[in-house]
Amino acid sequence: MMPGEDGLTLCRSLRETTNLPIILLTAVVEATDRVIGLEMGADDYVTKPFNPRELLARIKAVLRRTHSLPPQRQPLASQPLRFDRWTLDVDRRELSGEDGLGIALSTTEFLLLSAFLNHPQMVLSRDQLLDLTRGRASDVFDRSIDNQVSRLRKKIEADPKQPALIKTHWGGGYQFTAEVERS
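Residue indices follow the written sequence of each chain, beginning from 1 at its first position. Where local features are concerned, this predicted model is filtered to residues with pLDDT of at least 70; where side-chain atom pairs are given and counted, the filter is 80 or more; whole-chain, interface and lining totals use all residues. Excluding hydrogens and water, the side-chain values take into account all heavy atoms of the structure.

1. Topic: the side chain of aspartate 44
Piece 1. Each helix is a run of DSSP H or I of at least 4 residues and each strand a run of E of at least 2, with the numbering of both proceeding from the N terminus. Position of aspartate 44 among the secondary structure elements: in strand β2 (residues 44-47).
Piece 2. Polar contact criterion, stated in full: a pair of N or O atoms within 3.5 Å, where within protein one must be able to donate a hydrogen and the other to accept it, and residues adjacent in sequence count only if both atoms are side-chain atoms. Polar contacts involving the side chain of aspartate 44 include one to the side chain of arginine 58, which spans 2.9 Å.
Piece 3. We call two residues in contact when some of their heavy atoms are within 4.5 Å. Sequence-distant contacts of aspartate 44, that is, excluding residues within four places in its chain, are made with Ile22, Ile23, Leu24, Leu38, Arg58 and Val62.

In structure tokens:
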């Protein structure tokens, strides 16, 4: 409802060129519009009428989340990445072991492994992992990241019940402990 360009188009073009936090403040209240806004790159979606204190709290929450994300060390390159006894072919999204046999990864498993490979040795909170794998369209109380870590551990750990590659830091998050080599 802005003059000229609509908010969704502006949101998309901003997201393509910057990582600035974006909160859509709108009179459009339909659930599908909220989903589209978040998929276009918005970090939050607030509908009118709104409570100014709630808006301020949402702004602070988005800023807290966006400033808490660790910077990526290097973008994932096209060349294979090696860690422990595994090689990840980024272009094909395929994980292979020492025997050369490929292991299929779901999109979420690939994104999660990519987040870990971009931030080795760092403890990443659940919120950070959700932001790095799904953007900010996930629910604040979403615990599905725990399930995804468990699935990924079953594929890459020698003993998923005693994980050595993805360590849990109680109250802190997860840490990828393996050294990552870029070939």
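2. Side note on the nonpolar core
Side chains of a nonpolar character, in soluble globular proteins, are inclined to be buried together.
Piece 1. The definition of a nonpolar core used throughout is a set of buried Ala, Val, Leu, Ile, Met, Phe, Trp, Tyr and Cys residues joined through side-chain atoms within 4.5 Å. Relative accessible area decides the class of each residue, using a 1.4 Å probe on protein chains only: under 20% of the type maximum gives buried, over 50% gives exposed, and in between gives partly exposed. Counting residues in hydrophobic clusters, the biggest one holds 25 residues, and the most contacted among them are Phe83, Leu113, Phe116, Ile156, Ile166 and Phe176.
Piece 2. By residue number, the principal contributor to this core is helix α4 (residues 107-118), which donates six residues.
Piece 3. Once residues lying within four places of it in the same chain are set aside, the contact partners of phenylalanine 83 are Leu95, Leu113, Leu117, Ile156, Leu165, Phe176, Ala178 and Glu179.
Piece 4. Judged by nonpolar contacts, the second largest core, of five residues, contains Ile22, Leu24, Ala42 and Tyr45.

3. Side note on the sheet that holds strand β6 (residues 102-104)
Piece 1. The strand order β6-β5-β4-β3-β10 describes an open sheet built from five strands, whose pairing is antiparallel. At either margin of the open sheet sits one strand with a lone partner, and together these are β6 and β10 (180-182). The mean inter-strand angle of the sheet, taken between neighbouring strand axes irrespective of direction, is 30°.
Piece 2. As defined by bridge partners, strand β3 (residues 81-83) adjoins β10 across three bridges and the pair is classed as antiparallel. Two strands make a pair as long as DSSP finds a minimum of two bridges between them. To obtain each axis, a line is fitted to C-alpha atoms, and for helices this fit is confined to the stretch in contact; angles are then taken between N-to-C directions over 0 to 180 degrees.

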